[in-house]
Every structure is written in C-alpha cells, then in structure tokens.
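Each chain is listed here by its residues.
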Amino acid sequence: ITIYVPCDAGALSVGAEAVATAITAEASRRGIDVHLKRNGSRGLYWLEPLVEVETSAGRVAYGPVSADDVSALFDADFLHGGKHPLAHGPTSEIDYLKNQQRLTCARVGVVDPRSLDDYLAHGGYRGLAAALGMAGPSIVQVVLDSGLRGRGGAAFPAGIKWKTCLDTPSTQKYVVCNADEGDSGTFADRMIIEGDPFVLIEGMTIAGLAVGATRGYIYLRVEYPHAQRAMEAAIAAAQAAGYLGDDVRGSGKAFHLEVRMGGGAYICGEETSLLESLEGKRGQVRFKPPVPAVQGLFGKPTVMNNVVTLATVPLILEHGAAYYRDYGIGKSRGTLPIQLAGNLKRPGLVECAFGLSLRELIEHYGGGAASGRPVRAVQVGGPLGAYIPAAQLDTPVDYEAIAAIGGMLGHGGVVVFDDTVDMAAQARYAMTFCAIESCGKCTPCRIGSVRGVEVIDRMLTGDAVERERNEVLLRDLCQTMVAGSLCALGGMTPFPVLSALDHFHEDFTDHVGKAA
Ligand code: SF4
C-alpha cells in the first residue's frame, strides 16, 4: 500500500515529517507493509499535512493530519479509504482541485520529486523529445505562437525575449532562471521546484536548444533550502541519465545547469540586479538598454525567465502552441498558477485559465476571510501591487483588466485583508519596504521612500490642515518616484500607496491616535 506524505516546505512547517514518522512506526507496530512516498504539495495548504493513500479507487485524501491522528486513522482503515472525520474522499474530486486547469502544475503534488522515473511515467521529457527534432527558430516560433508571457511579473512575451537572444550572434549564450521568488504571498515557484523539479530542467534545456545556449543557471532565493536540495538532486539525476551534459540524449547538443543561491535581497529578483549578483557583484540595477537578451550574463546574450514561465515550456512543446493558447482571454493566454494568501479560509495554489474573477478566487476557492469578517482589500501582485477594494473584485484575472483598474497581476500572488485592516499603515509599510529594499542607485527611490514614510507619518499625526498639506506632498512624491525611478521597485511602490489613498481615504483621515 502506497501512502503519500508531502515533503514540501509548507507541509513540513506544519508537521509533515512527524506524520511520516508516525505512519511508518504505526504500520510497523501493526505488522502492515506500507510504502511511504514523499510528494510535493497539492497546494491545498489549509489541509496540510495532506496524507493520501493509493486505493483501488485512486488516491484518497486525509487532512490536516497530525502525528496524534495516525493511530485513529489506522483504526478507521484509512489504508483502504475508510471513513474518518479527516477524510476528504478521492483527492482529484476535491472541489478546490477539480475545477482547476492544472497545466504547468499538473504533476506538482502527484509525483515523487526525487524520481526521474516518476517524472517520465507522468509524461516528463516529451517536450524535450519534440524540441530535439526541431531547429532553434522553430522552437522559438512555437513559444511565440503560444502567447506565453513572462509569469515573473512584467508579463513580457517569452517568445520575443527568446527571439532577440536567438538573433544576437555570440559564441556563448546563457539561460537564467529567476527563482528569487520574493513577492509577499507567493509560492508557486517554490512549489514547482520542490514538487516537480525536472519540469524546470526540461524547460531550461528547451530554452537552451532554442537560442543556442549551452549553459544555464537557476538563481534561487536563499530562504528556500528545501527547494535547493530538491533542485540539486534533480540536476544530478538528469545529468546521470544523459538529460544534461555535453550530449543531451545523444543529440550532440550540450546543456549544463547549476544552482546559484541569492543573498536575500528583494531587488535581486529584478533581472539586471540578478545578473550582477550572479556575476558575484553587489545586486544593483543596470541601465537598459542593452536588454539581457542582447547583453546579459557576463555580457553575453541571455534568456531570462522565471520558474513558472520555464516550467510551462515543456507542455507547449509537447502539445503545440494552439493547445496552450486556447486557454485564457484577450492577450492573457494559457493558465496562471495563482497563489491565495492572507486572511482566507482556504489559502493555496489555484491554477486556472485567465479570465476568472478575483471574487471567484477569493470566495469560491479561498472561502472568504478566515476571520469570518467581510473582505475589504486585496493586494494583487506582491508588495508593489495596488490595493483593490471589495467593490472591484469582479475584475477578471487578466493582465490588461487588472492594469485598467490601476493594478498589476505580477507573479499571481493574491493577499486578502478583512475589514479590520488599517490601510494607512499598509501604505506606510509600502514606503518602508521600499526604503529597506532599495538598491540605492537612484534618488527618487533611495531618498523618496524615506521621505515617503515621514510624510505619511505627518499625515497621520497632524491636524486637518497638516494632513491635507502632506497629502499633496505625498501625491507629488509618488509622481516623482513613478516618473524618475530606474526600476519597478521605486517606480511601483507608489501603486499600493496611491491605491490606499484613493480607495481607503478614511483610514488616513480617521487615524488620529492610531499613528504608526
Ligand atoms: Fe535601485 Fe530603487 Fe532605483 Fe530600482 S528604483 S534602481 S531599486 S534605487
């Protein structure tokens, strides 16, 4: 009998290791032969640790399981899908999962991330097999035709980056994966690396074949030690099986891959700072042009995409551009792994085609606020994303639609706040975050964010005249930061600040006595 207990960092943080140990001990005490398999997380985080049992009717789920529940689960015959208060029936029939369109994350939580055989048994490396039979420009064309846009935040068409790199002659090119997932409330990159690391290797290898790059680097955030171990083990296994190295699967084409750990700076998620850091320098933003596709790592043409983008490439090569493009709406094609976090009953990963509304996400999937109170604000797109008021929750998940209401979809993180949130404090936090994380290269960001905190403090402590005077100053400062900052950190910090001012103005005017 096979039992699955996740080894995903999220599941481990709530006791998955103790559950695995308890299951092994209890099975041995009862003389039952069980095969414990460690999978990634299904992304149903409120049910972690989610234990699954392979039965004749498929995998059935129990959760959240603690080590203390294990004996009772055996008593309830959970090894054969027995009834128990923690039982959720067949995993694939759980509402939260059933209605998703899991393409990029199809194998996450399903396979053993340490097993190349498991990856192959679940359709792995079919995209590479297709790519090996194609010329580089044809691979690039498929990615262009699929409509895939960068999932890291900027939503720039991946195929255009690839084509620029392909068209830039050089004796050496690189593929760099941005795995510096630093946005608040985001975890899709980590889940993919911990749950299905081979898909990232496959995607990067295809990118290398497409543009003529023979070397790749995964720049991983230092806060992800489990992901580092999963990734390095997968690279070693792929190398041993001939999927990486001087002669990828006998094709005569080389692709080498290494993991490099970041140092913990938010700005190193910005592509040019990341390149500086990868080259061993201080992570500071570079001027553009030249773009990295022309002059990137060590001055060479470099394709840089984030984890979700590169992990989506294999399925596009396997099934064709139209298969992927047929999902989604408008210019937002395919699916997006959305990460639900904050004050929600059911936080987790929801991969759906673009087009569902924020309200569906928060109410249908998320189950509303965990506190049971009304949802008041939603921050979409990380710490630089605008605060969207409850009245605008019918906006669809679509890059252009979210931009039209002054927001940004970013990396797909959705953080929910109930009606107890203090939006003036959130605005102040945005400026504080920018002051701490600024790389210091340009004045509007480096100095502006510090002045921003001071101006907000004066708004919150002064009388009505002082508040009004400082609001004018704050709006002016935000305008300067948007217009004069070199990168998105300084250029977008005003988004959460201005959205808080515009949609939740009362929190600034009623703030006397609550000041930061
Ligand atoms: Fe650095 Fe801020 Fe300027 Fe970006 S906006 S380059 S983070 S100082």
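Residues numbered from 1 in each chain as written. Predicted model: local features only at pLDDT ≥ 70, side-chain atom pairs only at ≥ 80, totals over all residues. Heavy atoms only, no water.

Peer 1: In this structure, what is going on with the sheet that holds strand S2 (residues 35–37)? I would like to understand it.
Peer 2: Within a sheet, neighbouring strands are paired by backbone hydrogen bonds and run either parallel or antiparallel to one another. Judged by pairing direction, the sheet is mixed, and its five strands sit side by side in the order S2-S1-S3-S4-S5 without closing on themselves. Only two strands of the sheet have a single neighbouring strand rather than two, namely S2 and strand S5 (87–90). Strand after strand, the sheet turns through a mean of 25 degrees between neighbouring axes, direction not considered. For strand S1 (residues 2–4) and S2, the ladder comprises three bridges, and the chain directions are parallel. Each bridged residue has a counterpart across the sheet, and for Thr2 the counterpart in S2 is His35. The strands touched by helix H2 (residues 16–29) within the sheet are S1, S2 and strand S3 (51–55), with S2 carrying the most contacts at an inclination of about 170 degrees. (Pairing = 2+ DSSP bridges. Helix = DSSP H or I, 4+ residues; strand = E, 2+ residues; numbered from the N terminus. Axes fitted to C-alpha atoms, helices over the stretch in contact; angles between N-to-C directions. Contact = heavy atoms within 4.5 Å.)

Peer 1: I would appreciate a short explanation of helix H7 (residues 136–146) in the present structure.
Peer 2: Helical periodicity: at 3.6 residues per turn, an α-helix aligns residues three or four positions apart in one direction. Along H7, the positions that sit buried rather than exposed are Gly136, Ile139, Val140, Val142, Val143 and Ser146. All buried residues of H7 project into a common sector of 155 degrees when viewed along the axis, lining one side. Packed against the buried residues of H7 are helix H6 (126–132), helix H8 (158–166), helix H10 (197–211), helix H13 (307–319), helix H14 (321–325) and strand S11 (332–333). At the exit of H7 stands Gly147, carrying a positive phi of roughly 80 degrees. (Buried < 20%, exposed > 50% of the residue type's maximum accessible area, 1.4 Å probe, protein only. Arc of directions from axis to C-beta.)

Peer 1: Would you explain the sheet that holds strand S12 (residues 335–342) in this entry?
Peer 2: Reading across from one edge, S13-S12-S16-S14-S15 is the order of the five strands in this open sheet, with mixed pairing throughout. In this open sheet, the two edge strands, each paired with only one partner strand, are strand S13 (348–353) and strand S15 (387–389). Neighbour-to-neighbour, the strand axes of the sheet open up by a mean angle of 30 degrees, direction not taken into account. Pairing of S12 with strand S16 (residues 413–418), which is carried by four bridges, proceeds in the parallel orientation. When the sheet's bridge partners are listed, Gln339 is paired in S16 with Gly413.

Peer 1: Hey, could you run me through the nonpolar core in this one?
Peer 2: Where a protein is soluble and globular, its nonpolar side chains tend to be buried together. Membership of the largest hydrophobic core comes to 63 residues, with the highest contact counts inside it found for Trp162, Leu200, Ile201, Met204 and Ile218. When residues in this core are grouped by element, the largest group, ten residues, is from H10. Apart from the residues lying within four places of it in its own chain, the contact partners of Met204 are Val175, Val176, Cys177, Gly216, Tyr217, Ile218, Phe255, Leu257 and Leu310. Counting 48 residues, the second-largest nonpolar core is a separate cluster that includes Cys268, Ala424, Val453 and Leu501. (Core = buried A, V, L, I, M, F, W, Y, C linked by side-chain atoms within 4.5 Å.)

Peer 1: Would you mind showing me how to read empty space enclosed by the protein here?
Peer 2: Empty space among the atoms becomes visible once a probe the size of a water molecule is rolled across them. Scanning all chains against the criterion turns up one cavity of 30 Å³ or more. When its volume is computed, the largest cavity comes out at roughly 80 Å³. (1 Å grid on protein atoms, 1.4 Å probe; cavity = no way out; pocket = protein on both sides within 12 Å on 5 of 7 lines; lining within 4 Å. Points joined across faces, edges and corners; volume = space filled by probe spheres on them.)

Peer 1: Even after reading the chapter, I still don't get the packing of aromatic side chains, so can you show me in this structure?
Peer 2: Aromatic ring pairs: the centre-centre distance and the angle between the two ring planes describe each pair. Throughout the structure, instances matching the rule amount to 15 aromatic pairs. Ring geometry for Tyr174 against Tyr217: centres 6.1 Å apart, planes inclined by 45 degrees, an arrangement best described as tilted. Here Tyr217 lies in strand S7 (residues 215–220) and Tyr174 lies in strand S6 (residues 174–179), a separation of 43 residues in the sequence. Residues Tyr174 and Tyr217 agree in their burial class; the two are buried. Considering the side-chain rings of Tyr266 and Phe433, the 4.9 Å spacing of their centres and the 75 degrees angle between planes classify their relative orientation as edge-to-face. Taken together, the residues span a long stretch of sequence, with Tyr266 in the loop between strand S8 (256–261) and helix H12 (271–278) and Phe433 in helix H17 (residues 423–437) at a distance of 167 residues. Both residues of the pair, Tyr266 and Phe433, belong to the buried class. Here the aromatic residues Tyr119, Tyr125, Phe198 and Tyr243 are joined through ring pairs into a cluster of three or more. (Phe/Tyr/Trp six-rings, centres within 6.5 Å; stacked < 30°, edge-to-face > 60°.)

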